[in-house]
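Chain by chain, the residues:
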Amino acid sequence: MRVYLDNNATTIVDPHVFEEMEPFFVQKYGNPNSLHQFASDTHKPLKEGMQKIYAGIHAPNEDSVVITSCATESNNWVFKSIYFDYILTGRKNHIIISEVEHPSVIACAKFLESKGCKVTYLPINSEGIVEAHTVAAFITDKTALVSIMWVNNETGAIFPIHEIGEICKAKGVLFHTDAVQAIGKVPVDVQAANIDYLTMSAHKFHGPKGVGALYMKKDKELTPLLHGGSQMGGHRSGTLNVAGIVGMGKAMEQAADSLDYEMHDVKEMRDRLEDALLAMKDTFVVTPREKRVANTILVSFRGVEGEAMLWDLNRAGIAASTGSACASEDLESNPVMEAIGAEADLAHTAIRFSLSRYTTPEEIDYVIDVVRTAADRLRGISSSYAYAPDGHDCGLSTGH
Ligand code: 7TS
């Protein structure tokens, strides 16, 4: 059996999405900006694709949704253009992010720091959540941008985006959210949440890889990152990724249609897996279920090195993760666990299981069996586990 539980890294392309994209490779392959039938064949599908993306995040028509190559590009765009538009001009010199943002945000913040910008890295609480009042406490009249992710990719923790949006609006500070892990998992409404900039990535919600987007509120549009032609209303140059846009639109439409299934049926499977994991000895989960999206579990198995567990799972055909795949080439411990303050050996034992609407109950049964066997085997050969004293305080708030 092969089971894919690494959906926070990427997702299977929905067959309906693939079907809608297919004609744009070998039939309707014209450049939309050309002046012939091949070009005009793409116009209606492009328009419909864009409309579906606007609808998916409740963006009004006067705002901009600009297609990019990925969320990493969208995040880079926000930070680099905030630098050009607000910091380099001397108007502002401070940005606020959380210490558990995706590396594409952290690395941008560090880059701006190297250019003289002040950066505040907000801590998370013991449940792995950024609290809105900490955002309010650090905003000054020099703050150009607050950038807080909607949902954390490691734990699945949902951050208080509506409250943070309120605070930023009241204080007149621009607000960006990386909503990569929120689309298709929680209702996303840029107007209700007072968001100025929002990052998306199609491959996280059963769309294709290589296509993302940046939402920008009217009158808050940023200087382009990519200069060149006049594509995307002059906001981003480069020939349009027609198949990608059509696919992202379809995936967005389906994400909205599947939201109930995700929040109830996927949650039921996730909860069953989590119950079984927590019923095992010395296992820990940080963020309480009701404060998490329905598909994610970040679980620590005391005495079991994360990479060793992944090895056993992989041999049994199960795909999971020890943390962000983007960082998995270095064997660093899970950054979220470190930010929470868990001791290093426990941080090294974190495994992320992320489900999707394609996950089945049979797969969950199989995973439970394999994980139990793997944890027993690996603990059996671990010298450190045998010596771990009982009742040892691991600094985590939940679990057994
Ligand atoms: N932002 C968040 C919150 C993410 O989870 C990711 C990918 C990205 C940005 C980058 O997206 P991309 O479109 O540039 O690929 N996160 C992960 C992960 O958790 N494991 O692998 C990739």
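Structure: see above.
Numbering of residues begins from 1 in every chain and follows the order in which that chain's sequence is written. This being a predicted model, a pLDDT of at least 70 is required before a residue's local features are given, and a value of 80 or more before pairs of side-chain atoms are given or counted; all residues contribute to the totals for chains, interfaces and linings. With hydrogens and water stripped out, all remaining heavy atoms of the structure feed into the side-chain values.

Chemist: Give me the lowdown on the site of the ligand, citing residues and values where you can.
Modeler: By convention in this text, a residue qualifies as near a molecule or strand provided that one of its non-hydrogen atoms is within 4 Å of it. What surrounds the ligand is a group of 19 residues, the closest being Thr-72, Asp-178, Gln-181, Ser-201 and Lys-204. N or O atoms within 3.5 Å of each other form a polar contact, as long as, within protein, one can give a hydrogen and the other can take it, and as long as residues adjacent in sequence are counted only when both atoms are side-chain atoms. The separation between an oxygen atom of the ligand and a polar side-chain atom of Ser-201 is 2.6 Å. In this structure, His-203 approaches the ligand through a side-chain N or O atom, which is 3.0 Å from an oxygen atom. The protein chains shown are the only cover counted for residues, whose accessible areas, like all others here, come from Shrake-Rupley with a 1.4 Å probe. Within the complex, 92% of the 500 Å² of free accessible area of the ligand lies under protein. The residue inventory of the shell around the ligand, partitioned by class, reads 7 nonpolar, 9 polar and 3 charged. Lining the shell around the ligand are residues from two domains, each supplying at least three of them: domain 1 (15-257) and domain 2 (259-384 + 393-397). We call Asp, Glu, Lys and Arg charged. Ala, Val, Leu, Ile, Met, Phe, Trp, Tyr, Cys and Pro are nonpolar, and the rest, Gly among them, are polar. Domain extents, as shown, originate in an automatic or database domain assignment.

Chemist: Before we move on, can you summarise the packing of helix 5 (residues 71-87) against helix 6 (residues 103-114) with the specific residues and values?
Modeler: Geometrically, a packed helix pair is captured by the angle between its two axes and the distance between the axes. Packing of helix 5 against helix 6 brings their axes to within 9 Å, and their N-to-C directions diverge by 25 degrees. Our classification of the angle between helix 5 and helix 6 gives roughly parallel. Here helix 5 runs over helix 6; the crossing is right-handed. Two secondary-structure elements touch here, helix 5 through Thr-72, Asn-75, Asn-76, Phe-79, Lys-80, Tyr-83 and Ile-87 and helix 6 through Ser-104, Val-105, Cys-108, Ala-109, Phe-111 and Leu-112. In this description, a line fitted to the C-alpha atoms serves as the axis of each element, helices being fitted only across the stretch in contact, and the angle between N-to-C directions of two axes falls anywhere from 0 to 180 degrees. The numbering of helices and of strands both runs from the N terminus, where a helix is a DSSP run of H or I of at least 4 residues and a strand a run of E of at least 2. Orientation categories follow fixed angle ranges, with anything under 35 degrees roughly parallel, anything over 145 roughly antiparallel, 65 to 115 roughly perpendicular, and all other angles oblique. For any pair of crossing helices, the crossing counts as left-handed if the nearer helix is rotated counterclockwise from the farther one by less than a right angle, and right-handed if it is rotated clockwise. Contacts are assigned to residue pairs with any non-hydrogen atoms lying within 4.5 Å of each other.

Chemist: For the sheet that holds strand 2 (residues 64-68), give the residues involved together with the corresponding values.
Modeler: Each strand in a sheet pairs with its neighbour through backbone hydrogen bonds, running either in the same direction (parallel) or in the opposite one (antiparallel). With mixed pairing, 7 strands are arranged side by side in an open sheet as 2-8-7-6-5-3-4. Edge positions in the sheet fall to strand 2 and strand 4 (118-122), since each of these pairs with one other strand and no more. When the angles between neighbouring strand axes are averaged without regard to direction, this sheet yields 20 degrees. Pairing between strand 3 (residues 94-98) and strand 5 (residues 143-147): 4 bridges, direction parallel. The partner of Ile-97 across the bridge, within strand 5, is Ser-147. The strands touched by helix 6 are strand 3, strand 4, strand 5 and strand 6 (174-178); relative to strand 3, the strand with the most contacts, the crossing angle is about 155 degrees. A pair of strands is treated as paired once DSSP finds two or more bridges between them.

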